[in-house]
2 protein chains.
Amino acid sequence: MVLREVVVNSEIIEYNDISGCYILRPWAMEIWELLKEFFDAEIKKLKLKSYYFPLFITENVVQKKKDHFEGFAPEVAWVTKTGNSELEAPIAIRPTSETVMYPYFAKWIRSHRNLPLRCNQWCSVVRWECSNPIPLIRSREFLWQEGHTVFATKEESDEEVLHILELYRRIYEEFLAVPVSKGRKSEVEKFAGGLYTTSVEAFIPNTGRGIQAATSNCLGQNFAKMFEIFFEDENDPAQKKKEKNKRSLVWQNSWAYTTRSIGVMVMTHGDDKGLVLPPRVAPIQVMVIPDPLEDADMTAIKEVCETIVYTLSQAGIRADLDARENYTPEWKHSHWEMKGVPLRIEIDVKDLANKQVRVVRRDNGAKVDIPSTDLVEHVQVLLDRIQDSLFETAKQKRDACIEVVYTWDEFTAAVNDKKLILAPWCDEEEVEKDVRARTEGDLGSAKTLCAPFDQPDLVEGTVCFASGKPAKTWSFWGRSY
Amino acid sequence: MVLREVVVNSEIIEYNDISGCYILRPWAMEIWELLKEFFDAEIKKLKLKSYYFPLFITENVVQKKKDHFEGFAPEVAWVTKTGNSELEAPIAIRPTSETVMYPYFAKWIRSHRNLPLRCNQWCSVVRWECSNPIPLIRSREFLWQEGHTVFATKEESDEEVLHILELYRRIYEEFLAVPVSKGRKSEVEKFAGGLYTTSVEAFIPNTGRGIQAATSNCLGQNFAKMFEIFFEDENDPAQKKKEKNKRSLVWQNSWAYTTRSIGVMVMTHGDDKGLVLPPRVAPIQVMVIPDPLEDADMTAIKEVCETIVYTLSQAGIRADLDARENYTPEWKHSHWEMKGVPLRIEIDVKDLANKQVRVVRRDNGAKVDIPSTDLVEHVQVLLDRIQDSLFETAKQKRDACIEVVYTWDEFTAAVNDKKLILAPWCDEEEVEKDVRARTEGDLGSAKTLCAPFDQPDLVEGTVCFASGKPAKTWSFWGRSY
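Within any chain, residue numbers begin from 1 and follow the written order of that chain's sequence. Lettering for chains starts from A, numbering for ligands starts from 1, and both go in the order in which the items are written. Totals for whole chains, interfaces and linings use all residues, but because this is a predicted model, local features are given only for residues with pLDDT of at least 70 and pairs of side-chain atoms are given and counted only at 80 or more. Calculation of side-chain values draws on the structure's entire complement of heavy atoms; hydrogens and water are dropped beforehand.

Considering the interface of chain A and chain B
How big an interface is tends to be stated in terms of the accessible area lost upon association of its parts. Contacts were defined at the residue level, with two residues in contact if any of their heavy atoms lie within 4.5 Å. Each partner contributes residues to the interface: chain A has 51 residues there, and chain B has 51 residues. Buried area is calculated as the accessible area (1.4 Å probe) missing from two parts once they are joined, with the contributions of both summed. Taking both partners together, chain A and chain B bury about 4500 Å²; carbon and sulfur atoms supply 60% of that area. Three residues stand out in chain A for area buried against chain B, namely A:Tyr52, A:Phe56 and A:Tyr104, and they jointly supply 14% of the buried area on that side. Between Lys or Arg on one side and Asp or Glu on the other, a salt bridge is scored when a side-chain nitrogen of the former is within 4 Å of a carboxyl oxygen of the latter. In this assembly, chain A and chain B are joined by six salt bridges. A:Glu30 serves as the salt-bridge partner of B:Lys49, at 3.4 Å between the closest nitrogen and oxygen. A 3.5 Å cut-off defines polar contacts: any pair of N or O atoms within that distance qualifies, except that in protein one atom must be a possible hydrogen donor and the other a possible acceptor, and neighbouring residues in sequence count only when both atoms are side-chain atoms. Across the chain A-chain B interface, the total number found is 29 residue pairs in polar contact (both at pLDDT 80 or more). At least two DSSP bridges between two strands are required for those strands to pair. Only DSSP runs of H or I covering at least 4 residues are called helices, and only runs of E covering at least 2 are called strands; the numbering of each starts at the N terminus. Both strand β5 (residues 77-82) of chain A and strand β5 (residues 77-82) of chain B contribute to a ladder of five bridges, which runs antiparallel. Its bridge partner lying in β5(B), A:Trp78 is registered against B:Lys81.

Laid out in structure tokens, this is it:
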């Protein structure tokens, strides 16, 4: 399965004449909308409110917030002209919205009564990566949600970071059937200007690369200092003493997941026939295809097909009928296999006579004849099975790539074998930079993915595979997207 | 009611440091989401599919499609730099997406089997208007939906134009309680490059200006020619003769409504106390406010308030409780009046004793005591009444501004009186341009708004108010936003 081909052939995207910009077609947007439906409802339970902040950032703000913005600077697209006139100062298109939003947070927040402030927006952002773009995985414009929250205490902030990370895990594992590891990013890899970054990390066995699936950042008070976001804290003894100008800095989080999630799903499940969609995110879960034999009674067959689609739809199953007469059943079979529809129902005259239908699974090709009478429950069971089995299969493949290493030699060998490396590490910034430099190559260098929350025991005296210093943590390493 | 103040005080928007860009706060976004929920479901019934096309347009396309793009050229924002390097050719940010989408329509459409093609996207667009921006009404970046559809025949195209226009009427009249007139735009005012434009037009009595509320365009085959969008037409006799290279041009529509709709609603219903929200789009329909008297049993009152909110919510009414102790009931009353919440429920100890609550209407201030027992049905009835009465009141005010004129003198007088002018017109482009020139002034010139579908009789021999030529139609005229 070659991603660049399958995403086009399955009508997920279309290439655009601007390199790195892609057209998201209905087959992608309907998956995005299904994920959004789940996630948006979950964060609204957490009292997140919808906002829309402008696409643009003034140069002046960009300059003032260098510490944070430097990370994005090389990728920022600048508007310098409108109509035929030059702008007095160039305007940046948001690569992310901290610098757009936080000056207003500073304006809106006066006292503890204005906290927590919880804000989310669904929009597109632009990161003009010069490195080779990849559809959905690394694109110059992509869709995402960005959550930005403000709290009075670090405790609230820490708690939310993990709550959101769990929602991201569920999107990947429960909806996209993609196994991910929750963990903490290294100092080198964390969000620019933040306190610490947690992430869910996926791994693509075919290419031997890790991929950051989503991040949930605790920004600490760094941005509060940068943007002067204070509040009068009634719990602060100084306040009680009515001391003048005594105000506390807020604690902030920011978190996001993007249309990259669809790309990770495509790479995880796709096969030689094309896309394989997990039922929970498949725009169409069941495609019914009549199989007309010579001199067969087509009207009778079509009627049955329509009844089946109706019955399944009534049961909340996303079913459709491909009754086009100008295509052969064989063509339709491979077409809907290419598009990854989880189940195909075939009906011909024999089935009609036997009051049964033939159900074919996309994931393993298994065929089974089912009596038309109890179709709904059978289909529901099959869809659940496919969802589970896609996840289990992906998990086994991913786990088979994990290699535990203790020494530099084992490490470099594992890097060459494109493994998902788990290694004891001293957790020092300089050491990671050194590892990158020493593994630099055509395929890119090895980096930390995350230090998984689920840590193996770190036996007393274990040393770092790279520096030989005492190991502080187990960390995932590998080449990545 | 001054729009620029009320939209900020009611927390609909916040001003941004980039003039003409505004921050949409939850009070605006929740209204936008309620409208979207209705409209998106309706167009999905019409088999519209969701797409997302890139934000950017290459200069090359812009150049090739001058006829259409010229109209937007003065307002286009250009990206010329990414990171620190100049782009080889500047890239435009979409003011609208015809030029982004249609090259791909040409690629995707081969035969009648690919038709109709129905595409919609929810996104933001950028129009760098140099004239004085107005929050929501005329902003440099705004949110909208843009529908783009392709048909084999003009009949299908014409039919959809009107179907969509009716949905726009419903958004304004049934949801936002804003009266609008359906009609056809003049040649001068129609969508650049299209065949004809239909619109719903609103009028703001306080300012005496018309405002284009939404447009539904039939593009005819003009864009099909521009972008070479052909299909093999089985109904075309030439096809049946298997004549080579005989292909037909498609018929296209495009239609959109924007966050301007929220601005029109604000201007239509707002009063000196602030915003007045129609119940159907109010994020909160009922605000419950406890009114604690000295030595009152607050716990008892709060419990009752919570029960009320729960009961109303269970009945599908958007209700909330303002139990904050650091604000007086009076402050809360004016706060929620400013934000336009349709109904306020007050509860004090007396009410508690009498098992009743006091309900206050935002639109007319009417107060009524209702027994707690049958609260839900009373509230439901009141909300419906408010919705209807807001529309009726707005319609009466709008209709009171309509002035029928037959002569140039009557016309100029009506323009000065800021009327919504209905006049017999020869429907000639040159005449409209001439009227504009002759009415040019500090407040802007008078333009056609639309020729209403609902036409008064045009008595034989009636002449154009401006040219004296035979009148072809009745048309609405006035200054506009």
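A short note on the domain arrangement of chain A
Residues and elements named next belong to chain A. Domain annotation for chain A reports domain 1 (3-269), domain 2 (284-384) and domain 3 (402-478). As used throughout, domain bounds are those supplied by an automatic or database domain assignment. Look at where the C-alpha atoms of domain 1 and domain 2 centre, and you get two points 42 Å apart. Counting residues at the interface gives six residues for domain 1 and seven residues for domain 2. Together domain 1 and domain 2 conceal approximately 560 Å² of surface at their shared face, both sides included; 63% is due to carbon and sulfur atoms. For the interface between domain 1 and domain 2, the tally reads one salt bridge. The salt bridge partner of lysine 339 is glutamate 11, with a shortest N-O separation of 2.8 Å. Where domain 1 meets domain 2, there are three residue pairs in polar contact (both at pLDDT 80 or more). Sorting the residues of the side of domain 1 that touches domain 2 by element identifies α1 (3-9) and α2 (26-45) as the ones contributing at least two each.

Some points on the pattern of salt bridges
The tally for this structure, following the rule as stated, stands at 69 salt bridges over all chains. Close ionic contact of A:Arg169 with A:Glu174 constitutes a salt bridge, the shortest N to O distance being 3.5 Å. Ionic pairing is found between B:Arg438 and B:Asp434, a salt bridge with its closest N-O pair at 3.0 Å. Of this pair, B:Arg438 and B:Asp434 both sit in helix α15 (residues 429-439), separated by four residues, roughly a single helical turn.

Things to note about the packing of helix α2 (residues 26-45) of chain B against helix α9 (residues 260-269) of chain B
When two helices pack together, their arrangement is captured by the angle between the axes and the distance separating the axes. All names here are of chain B. Note on geometry: axes are lines fitted to C-alpha atoms, helical ones only across the stretch in contact, with angles between N-to-C directions running from 0 to 180 degrees. The geometry of α2 relative to α9 is characterised by a closest axis approach of 10 Å and an angle of 110° between their N-to-C directions. Our classification of the angle between α2 and α9 gives roughly perpendicular. The element α2 and its partner α9 pack so that their crossing is right-handed. For the pair α2 and α9, the contacting residues are Ala28, Ile31, Trp32 and Leu35 in the first and Ser261, Ile262 and Met265 in the second. Side-chain classes follow a simple rule in which Ala, Val, Leu, Ile, Met, Phe, Trp, Tyr, Cys and Pro form the nonpolar group, Asp, Glu, Lys and Arg form the charged group, and the remainder, Gly included, forms the polar group. A per-class count over the contact of α2 with α9 returns six nonpolar, one polar and no charged. In what follows, roughly perpendicular refers to angles from 65 to 115 degrees, roughly parallel to angles under 35, roughly antiparallel to angles over 145, and oblique to any angle outside these ranges. Crossing handedness is read from the near helix: turned anticlockwise from the far helix by less than a right angle, it gives a left-handed crossing, and turned clockwise, a right-handed one.

Section: the nonpolar core
Definition of nonpolar core: a set of buried residues of the types Ala, Val, Leu, Ile, Met, Phe, Trp, Tyr and Cys, connected through side-chain atoms within 4.5 Å. With a 1.4 Å probe rolled over the protein chains alone, any residue whose accessible area is under 20% of its type maximum counts as buried; one over 50% counts as exposed, and the rest are partly exposed. The biggest cluster of nonpolar side chains holds 145 residues, and the ones touching the most others in it are A:Ile12, A:Phe56, B:Ile12 and B:Phe56. Once residues lying within four places of it in the same chain are set aside, the contact partners of B:Phe56 are A:Ile18, A:Cys21, A:Ile93, A:Val126, A:Trp128, B:Val79, B:Ile91, B:Ala92, B:Ile93 and B:Val100.

Some points on the sheet that holds strand β14 (residues 251-258) of chain B
Residues and elements named next belong to chain B. Reading across from one edge, β3-β7-β8-β14-β11-β10-β9-β22-β23-β21-β20 is the order of the 11 strands in this open sheet, with mixed pairing throughout. The open sheet has two free edges, formed respectively by β3 (49-50) and β20 (402-404), since each of these has just one partner strand. The pairing of strand β9 (residues 181-184) with strand β22 (residues 447-452) spans two bridges and is classified as antiparallel. Within β22, the residue paired with arginine 184 across the bridge is alanine 451. The sheet strands contacting α9 are β10 (196-204), β11 (209-220) and β14, and the helix crosses β10 at an angle near 30°.

Structural notes on the relation of the copies chain A and chain B
For these two chain copies, the linking operation is a rotation about an axis paired with a shift along it. Overlaying chain A with chain B gives an RMSD of 0.0 Å, the required rotation being 180° about an axis along which the chain moves by 0.0 Å. Such a combination of rotation and displacement between the chain copies is what one expects of a two-fold axis. Scanning chain A for the C-alpha nearest the rotation axis identifies A:Val79, at a separation of 2.1 Å. Both copies present the same face, since 100% of the interface residues in chain A are matched by interface residues at the equivalent positions in chain B. Superposing copies: least-squares fit, C-alpha atoms only, residues required to have pLDDT of at least 70 in both.

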